[in-house]
Amino acid sequence: DVKVTQSSRYLVKRTGEKVFLECVQDMDHENMFWYRQDPGLGLRLIYFSYDVKMKEKGDIPEGYSVSREKKERFSLILESASTNQTSMYLCASSEPRGTNEKLFFGSGTQLSVL
Amino acid sequence: AQSVTQLGSHVSVSEGALVLLRCNYSSSVPPYLFWYVQYPNQGLQLLLKYTTGATLVKGINGFEAEFKKSETSFHLTKPSAHMSDAAEYFCAVQYSSASKIIFGSGTRLSIRP
């Protein structure tokens with residue numbers, strides 16, 4: 001089975017801190033995604049990547065950046081954390097475009113910004 | 001704008017009763033359609049998906065969904081609810097094989113003993 005691993009289950013940070021959320025997948029998937037999940041809003045796409053060193057903005061990229069130096073790893077970076085970035089963050093991976101890809105999700109990181 | 005709507009943020013049914021979770025999409029072109037489930041403290045996992053072909057799709061854990069083009073709907077059903085079905089369910093659409101997947105706002109399913 002595909003495994004998508006997020007480095008932290010819970011994270012507490014202070015306003016203004018730089019925050020790194022790490023995600024690793026073990027199935028050689030080309031596509032990787034970062035979503036945030038908020039009650040009543042479902043999942044909203046922050047950034048995605050279809051290849052190493054490639055990134056594209058999703059629906060809500062403001063305040064975030066990403067890094068994909070290796071195929072298996074996709075990092076989400078909060079340059080200066082703010083309280084409105086308190087949320088559940090979900091990483092996902094999938095097979096290449098054109099295959100009606102099924103998304104494989106990690107267990108999520110609940111980030112609290114104080 | 002292309003979107004997906006889930007009617008009802010919270011649905012509660014009795015154990016053994018029919019489960020019906022509603023999903024409608026906005027598009028004149030049939031999209032690819034998915035249902036994902038999220039159990040407590042877990043990520044999402046795929047329940048079922050519709051791409052082409054038979055409009056009644058069977059998924060895991062006894063769930064099924066029917067694609068109805070005329071109603072632009074993809075409702076999720078299960079004949080008899082079980083306590084273990086308590087979770088949050090997300091409908092999702094993809095309008096072409098090269099486009100991103102759009103998620104609905106989710107429906108929390110509770111099961112009464």
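Residues numbered from 1 in each chain as written. Chains lettered and ligands numbered in written order. Predicted model: local features only at pLDDT ≥ 70, side-chain atom pairs only at ≥ 80, totals over all residues. Heavy atoms only, no water.

> How would you summarise the interface of chain A and chain B if you had to cite specific residues and measurements?
Chain A puts 22 residues into the contact, and the matching count from chain B is 21 residues. Across the chain A to chain B interface the summed buried area is about 1,700 Å²; carbon plus sulfur atoms make up 52%. In this assembly, chain A and chain B are joined by zero salt bridges. Across the contact surface, chain A and chain B share three residue pairs in polar contact (both at pLDDT 80 or more). Secondary-structure elements contributing two or more residues to the side of chain A that touches chain B are β5 (31-38) and β6 (42-49) of chain A. Sorting elements by how many residues they give to the side of chain A that touches chain B places β6 of chain A first, with three residues. (Contact = heavy atoms within 4.5 Å. Buried area = accessible area lost by both parts, 1.4 Å probe. Salt bridge = Lys/Arg side-chain N within 4 Å of Asp/Glu carboxyl O. Polar contact = N/O pair within 3.5 Å; in protein donor to acceptor, adjacent residues only side chain to side chain. Helix = DSSP H or I, 4+ residues; strand = E, 2+ residues; numbered from the N terminus.)

> Describe the pattern of salt bridges, and please don't skip the residues or the numbers.
Residues and elements named next belong to chain A. In the structure shown here, the tally under the stated rule is eight salt bridges over all chains. The salt bridge partner of Asp28 is Lys71, with a shortest N-O separation of 3.3 Å. Here the residue Asp28 occupies a position in the loop between β4 (23-25) and β5, and Lys71 occupies one in the loop between β8 (64-70) and β9 (73-78), the gap between them amounting to 43 residues. Measuring nitrogen to oxygen at the nearest pair gives 2.8 Å for the salt bridge that ties Asp38 to Arg36. When sorted by exposure, Asp38 lands in the same class as Arg36, which is buried. Several salt bridges converge on common partners, so that one network encompasses Arg36, Asp38 and Arg44. (Buried < 20%, exposed > 50% of the residue type's maximum accessible area, 1.4 Å probe, protein only.)

> An account of the side chain of Gln6 of chain B is requested, with residue identities and associated values reported.
Inspection of the secondary structure assignment puts Gln6 of chain B in strand β1 (residues 4-7). Setting aside residues up to four positions removed in sequence, Gln6 of chain B forms contacts with Arg22, Trp35, Tyr89, Phe90, Cys91, Gly104, Ser105, Gly106 and Thr107 of chain B.

> I'd like a rundown of the state of the cysteines, residues and numbers included.
Among covalent bonds in proteins, the disulfide is the one between the sulfur atoms of two cysteines. All names here are of chain A. Enumeration according to the criterion identifies two disulfides over all chains in this entry. The partner cysteine of Cys23 in its disulfide is Cys91, sulfur to sulfur 1.9 Å. Residues Cys23 and Cys91 are joined through a disulfide that is left-handed, its torsion about the S-S bond being -80°. Of the two residues, Cys23 is situated in strand β4 and Cys91 in strand β10 (residues 87-94); the sequence distance between them amounts to 68 residues. (Disulfide = S-S within 2.5 Å.)

> Tell me about the packing of aromatic side chains, and please be specific about residues and values.
Going through the model one piece at a time under the given rule, you end up with 13 aromatic pairs over all chains. A centroid spacing of 6.0 Å and a plane angle of 40° characterise the contact between Tyr35 of chain A and Phe105 of chain A, whose relative ring orientation is tilted. With Tyr35 of chain A in strand β5 and Phe105 of chain A in strand β11 (residues 104-105), this pair connects stretches of sequence that are 70 residues apart. Across the pair, Phe105 of chain A and Tyr35 of chain A agree in class, each one buried. Seen in terms of ring centroids, Phe105 of chain A and Phe103 of chain B are 6.2 Å apart; in terms of plane orientation they differ by 75°. Their pairing is edge-to-face. Here Phe105 of chain A, found in strand β11, pairs with Phe103 of chain B, found in strand β10 (residues 101-103), and the two come from separate chains. Accessibility expressed as a relative area gives 11% for Phe105 of chain A, which makes it buried. (Phe/Tyr/Trp six-rings, centres within 6.5 Å; stacked < 30°, edge-to-face > 60°.)

> Lay out the environment of Asn31 of chain A in plain terms, naming residues and giving numbers.
All names here are of chain A. Position of Asn31 among the secondary structure elements: in strand β5. When its relative accessible area of 1% is taken as the criterion, Asn31 is described as buried. At a separation of 2.5 Å, a polar atom in the side chain of Asn31 contacts the main-chain carbonyl oxygen of Glu95.

> Let's hear about the nonpolar core: which residues, and what values?
In terms of nonpolar packing, the biggest core is built from 28 residues, with Trp35, Leu76 and Tyr89 of chain B touching the most fellow members. For Leu76 of chain B, the contacting residues outside a window of four places in its chain are Val19, Leu20, Leu21, Trp35, Leu47, Leu48, Phe63, Glu64, Ala65 and Tyr89 of chain B. Of all hydrophobic cores here, the second largest spans 20 residues; its members include Val4, Val19, Ile60 and Tyr89 of chain A. (Core = buried A, V, L, I, M, F, W, Y, C linked by side-chain atoms within 4.5 Å.)

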